[in-house]
Amino acid sequence: MAPKGKAGTKGKKQIFEENRETLRFYLRIILAASALYAVVNLVIFYPAASAWTWVAFIFSCVVYGTSYRSMISMAKPSFTDDGSLADGGIDLNMEQGMAEHLKDVILLTAIVQVLSCFSLYLWYFWLLAPGRALYLLWVNILGPWFTAESSPAGQEPNEKKQRRQERRQMKRF
């Protein structure tokens, strides 16, 4: 059962602590997935490793690096001169924030990277990321823009019609 009333707000210290834990958690995921991929594909099956194996590994490292660095810069706290916490940074656990999409990219890359230990063809699942980006672009920006009502000039005749109807009603009474 959901609590009634307004949702509680988080303090800057709580945001700072949760951001630190979130960054640690995703760093562990990144390291575990990369280590597993490297050990399986680049050590155990080194003779069978192709250039695509290396390209996939470098691609995943770039995706991890950019996503994780973006999360670090978003969560960067600021301190006062005396060392106390002035701002805890942006809340990485906030719903519908940019950090949520970055965490999804990290998780998708980790899952695809681990599954690709069985077959490099599983890297095609990473195409879900640009697919989701296009979907969000359409739903949030392009779709409403294409289906928006006409310009304010189109609303003026409606206002004129409304005034005429009001005048007619006033004359009747």
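Each remark here, short or long, concerns the structure printed above.
This write-up is about the structure you can find in this document. Predicted model, so just to flag it, every value in this text is computed and none were measured.

1. Notes on the environment of Lys10
And step 1. Among the structural elements, Lys10 can be located in the segment before α1 (12-44).
And step 2. Along the chain, Lys10 and Asp91 lie 81 residues apart, while their C-alpha atoms are 9.0 Å from each other.
And step 3. Leaving out residues up to four positions away in the same chain, Lys10 has contacts with Ile15, Glu18, Asp91 and Asn93.

2. Notes on helix α3 (residues 98-115)
And step 1. Given a rise of 1.5 Å per residue, 18 residues ought to cover 26 Å, and the 26 Å separating the end C-alpha atoms of α3 matches this to within 8%.
And step 2. Among all positions in α3, only Ala99, Leu102, Lys103, Ile106, Leu108, Thr109, Ala110, Val112 and Gln113 are buried.

3. A few points about the nonpolar core
And step 1. By size, the foremost hydrophobic cluster in this structure holds 15 residues, and its most contacted members are Leu23, Tyr64, Met71, Leu92 and Ile106.
And step 2. For this core, the secondary-structure elements that each account for two or more residues are α1, α2 (51-74) and α3.
And step 3. Leaving out residues up to four positions away in the same chain, Met71 has contacts with Thr22, Leu23, Tyr26, Leu92, Leu102, Lys103 and Ile106.
And step 4. Of all hydrophobic cores here, the second largest spans 13 residues; its members include Ala38, Val40, Ala56 and Cys117.

4. Points about the environment of Ile106
And step 1. Secondary-structure assignment places Ile106 in helix α3.
And step 2. Residue classification places Ile106 among the buried residues on the basis of a relative accessible area of 0%.
And step 3. On a C-alpha basis, the gap between Ile106 and Gly65 in space is 9.5 Å, while along the polypeptide they are 41 residues apart.
And step 4. In contact with Ile106, other than residues within four places in its own chain, are Tyr26, Ile30, Tyr64, Ser67, Tyr68 and Met71.

5. Examining the packing of α2 against α3
And step 1. At their nearest, the axes of α2 and α3 sit 10 Å apart, and the two run at 155° to each other. If you check the angle between α2 and α3, you find them roughly antiparallel. Note on packing geometry: the crossing formed by α2 with α3 is left-handed. Counting all contacts with α2, which are made through Phe57, Ser60, Val63, Tyr64, Ser67, Tyr68, Ser70, Met71 and Met74, the residues of α3 involved are Met98, Ala99, Leu102, Lys103, Val105, Ile106, Thr109, Ala110 and Gln113.

6. Quick look at a positive patch on the surface
And step 1. Taken together, the side chains of Lys160, Lys161, Arg163, Arg164, Arg167, Arg168, Lys171 and Arg172 present a region of like positive charge at the surface.
And step 2. Arg163 gets classed as partly exposed once you look at its relative accessible area, which sits at 45%.

7. Quick look at the pattern of salt bridges
And step 1. Scanning the model with the defined rule gives 2 salt bridges in all.
And step 2. The salt bridge partner of Arg20 is Glu17, with a shortest N-O separation of 3.3 Å. Of the two residues, Arg20 and Glu17 are both situated in helix α1; the distance of 3 residues between them amounts to about one turn of the helix.
And step 3. The class of Glu17 is partly exposed, set by a relative accessible area of 30%.
And step 4. Arg24 serves as the salt-bridge partner of Glu21, at 2.6 Å between the closest nitrogen and oxygen. Of this pair, Glu21 and Arg24 are both found in helix α1, 3 residues apart, which corresponds to roughly one turn of the helix.
And step 5. Take Arg24: its relative accessible area is 36%, and that puts it in the partly exposed class.

8. Concerning the side chain of Gln113
And step 1. Relative to the elements of secondary structure, Gln113 occurs in helix α3.
And step 2. Residues within four places of Gln113 in sequence aside, it is in contact with Ala33, Ser34, Tyr37, Phe57, Ser60, Tyr64 and Trp123.

9. Comments concerning the packing of aromatic side chains
And step 1. Under the definition given, this model contains 8 aromatic pairs.
And step 2. An angle of 85° between the planes, with centres 6.0 Å apart, marks the rings of Phe16 and Phe79 as edge-to-face. In this pair, Phe16 is assigned in helix α1 and Phe79 in strand β1 (residues 78-79), connecting sequence segments 63 residues apart.
And step 3. Phe79 sits in the partly exposed class, given a relative accessible area of 47%.
And step 4. Ring centres of Trp145 and Phe146 lie 5.0 Å apart, and the angle between their planes is 50°; this geometry places the pair in the tilted category. Both residues of the pair, Trp145 and Phe146, belong to the exposed class.

Calculation notes
- Residues numbered from 1 in each chain as written.
- Predicted model: local features only at pLDDT ≥ 70, side-chain atom pairs only at ≥ 80, totals over all residues.
- Heavy atoms only, no water.
- Helix = DSSP H or I, 4+ residues; strand = E, 2+ residues; numbered from the N terminus.
- Contact = heavy atoms within 4.5 Å.
- Expected span 1.5 Å × (residues − 1).
- Buried < 20%, exposed > 50% of the residue type's maximum accessible area, 1.4 Å probe, protein only.
- Core = buried A, V, L, I, M, F, W, Y, C linked by side-chain atoms within 4.5 Å.
- Axes fitted to C-alpha atoms, helices over the stretch in contact; angles between N-to-C directions.
- Parallel < 35°, antiparallel > 145°, perpendicular 65-115°, else oblique.
- Left-handed = near helix turned anticlockwise from the far one by under 90°.
- Patch = residues over 30% accessible without salt bridge, like charges linked within 9 Å, V, L, I, M, F, W, Y side chains within 5 Å.
- Areas by Shrake-Rupley, 256 points an atom, 1.4 Å probe, with all protein chains shown as cover.
- Salt bridge = Lys/Arg side-chain N within 4 Å of Asp/Glu carboxyl O.
- Lys, Arg positive; Asp, Glu negative; His and termini not counted.
- Charge placed at Lys NZ, Arg CZ, Asp CG, Glu CD.
- Phe/Tyr/Trp six-rings, centres within 6.5 Å; stacked < 30°, edge-to-face > 60°.

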